[in-house]
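Residue-level structure breakdown
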Amino acid sequence: MTIRIGALQPAAGARRDRKRRGKGAATGVGGTAGRGHKGHRARTGGGIAPWFEGGQMPLQRRLPKRGFRNPGRVEYQIVNVGRLGAFAPGSVVDRDALRKAGLVGGGGRPVKLLGSGELKQALTLRVDAASAGARRAVEAAGGRVETPAAQG
């Protein structure tokens, strides 16, 4: 005997009609539609919020507050001078070149050059900021650092 996919049906008694709430006393859930009388949970949109703790002091108010988070802080992606050895001497290294080399990520965060490590070849670096030690290291190798503040 073959069963066609279009003739498949659930087993007898496996499916039950949904309750038609609020459609009269004969339905068993008429009138208040199974929500009881009055109260928060009887209202439309009523119910307990997932974060509500039954009236006790909420967790975010019980925990101590510490420190200060500066909303104006600029979070740089850092690149150390010692990691620039992969670039050809005399090349211009900007954000796109650093991203292709895997030294910085995307996201548009500014790039800052730091002075850790050693640079052997002369490079022109176009970054958003650079430390004094990084500038010295690049200039000692015969290169230069260009930042928006120095350009503008």
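These figures come from a predicted structure and were not determined experimentally. (Residues numbered from 1 in each chain as written. Predicted model: local features only at pLDDT ≥ 70, side-chain atom pairs only at ≥ 80, totals over all residues. Heavy atoms only, no water.)

It is worth spelling out the overall build of the protein at this point. Along the protein, the regular secondary structure elements total 4 helices and 6 strands. Secondary structure elements of the protein, listed N to C terminal, follow the sequence α-β-β-α-β-β-β-α-β-α. Computed over the C-alpha atoms, the radius of gyration of the protein is 34 Å, more than 25% above the 15 Å expected from 2.2 N^0.38 for a compact globule of 152 residues. If you line up the protein on its principal axes, its C-alpha atoms span 90 × 60 × 30 Å. Sorting the 152 residues of the protein into buried and exposed places 20% on the buried side. Contacts spanning at least 24 positions in sequence make up 44% of the contacts within the protein whose residues lie at least 6 apart. When the accessible surface of the protein is totalled, it reaches about 12,000 Å², and 50% of it is carbon and sulfur. The distance from the centre of the 29 positive side-chain charges to the centre of the 9 negative ones in the protein is 20 Å. (Helix = DSSP H or I, 4+ residues; strand = E, 2+ residues; numbered from the N terminus. Rg over C-alpha atoms; globule rule 2.2 N^0.38 Å. Buried < 20%, exposed > 50% of the residue type's maximum accessible area, 1.4 Å probe, protein only. Contact = heavy atoms within 4.5 Å. Areas by Shrake-Rupley, 256 points an atom, 1.4 Å probe, with all protein chains shown as cover. Lys, Arg positive; Asp, Glu negative; His and termini not counted. Charge placed at Lys NZ, Arg CZ, Asp CG, Glu CD.)

Quick look at the side chain of Q121 now. Among the structural elements, Q121 can be located in the loop between strand 3 (111-114) and strand 4 (124-126). From its side chain, Q121 meets the backbone oxygen of L84 in a polar contact 3.5 Å long. At a separation of 3.1 Å, a polar atom in the side chain of Q121 contacts the main-chain carbonyl oxygen of G85. With residues up to four places along the chain from it excluded, the contact list for Q121 reads L84, G85, A86, F87, P89 and A141. (Polar contact = N/O pair within 3.5 Å; in protein donor to acceptor, adjacent residues only side chain to side chain.)

Geometrically, a pair of aromatic rings is defined through the distance of the ring centres and the angle of the planes. Taken as a whole and judged by the stated rule, the model has 0 aromatic pairs. For K112, the ring lying beneath its charged end belongs to Y76, and the centroid distance is 5.6 Å. (Phe/Tyr/Trp six-rings, centres within 6.5 Å; stacked < 30°, edge-to-face > 60°. Lys NZ or Arg CZ within 6 Å of the ring centre and 35° of its normal.)

Moving on, we get to the sheet that holds strand 2 (residues 92-93). Consider a sheet: its strands pair through backbone hydrogen bonds, and that pairing is either parallel or antiparallel. Reading across from one edge, 2-4-6 is the order of the 3 strands in this open sheet, with parallel pairing throughout. Strand pairing shows two members of the sheet lacking a second neighbour, strand 2 and strand 6 (144-146), which therefore form its edges. Judged from the 2 bridges that link them, strand 2 and strand 4 form a sheet pairing that is parallel. Across the sheet, V92 pairs through a bridge with T124, a residue of strand 4. (Pairing = 2+ DSSP bridges.)

Before going further, it helps to examine a positive patch on the surface. Together, R16, K19, R21, R35 and R41 line one region of the surface with positive charge. Summarising the element assignment, R41 is placed in the segment before helix 1 (59-62). (Patch = residues over 30% accessible without salt bridge, like charges linked within 9 Å, V, L, I, M, F, W, Y side chains within 5 Å. Salt bridge = Lys/Arg side-chain N within 4 Å of Asp/Glu carboxyl O.)

It is worth spelling out the sheet that holds strand 1 (residues 77-80) at this point. Spatial strand order, 1-3-5: 3 strands in an open sheet with parallel pairing. Each edge of the open sheet carries a strand with a single partner, namely strand 1 and strand 5 (129-130). Relative to strand 3, strand 1 is paired through 4 bridges, and the arrangement is parallel. Bridge assignment links N80 to a residue of strand 3, and that residue is L114.

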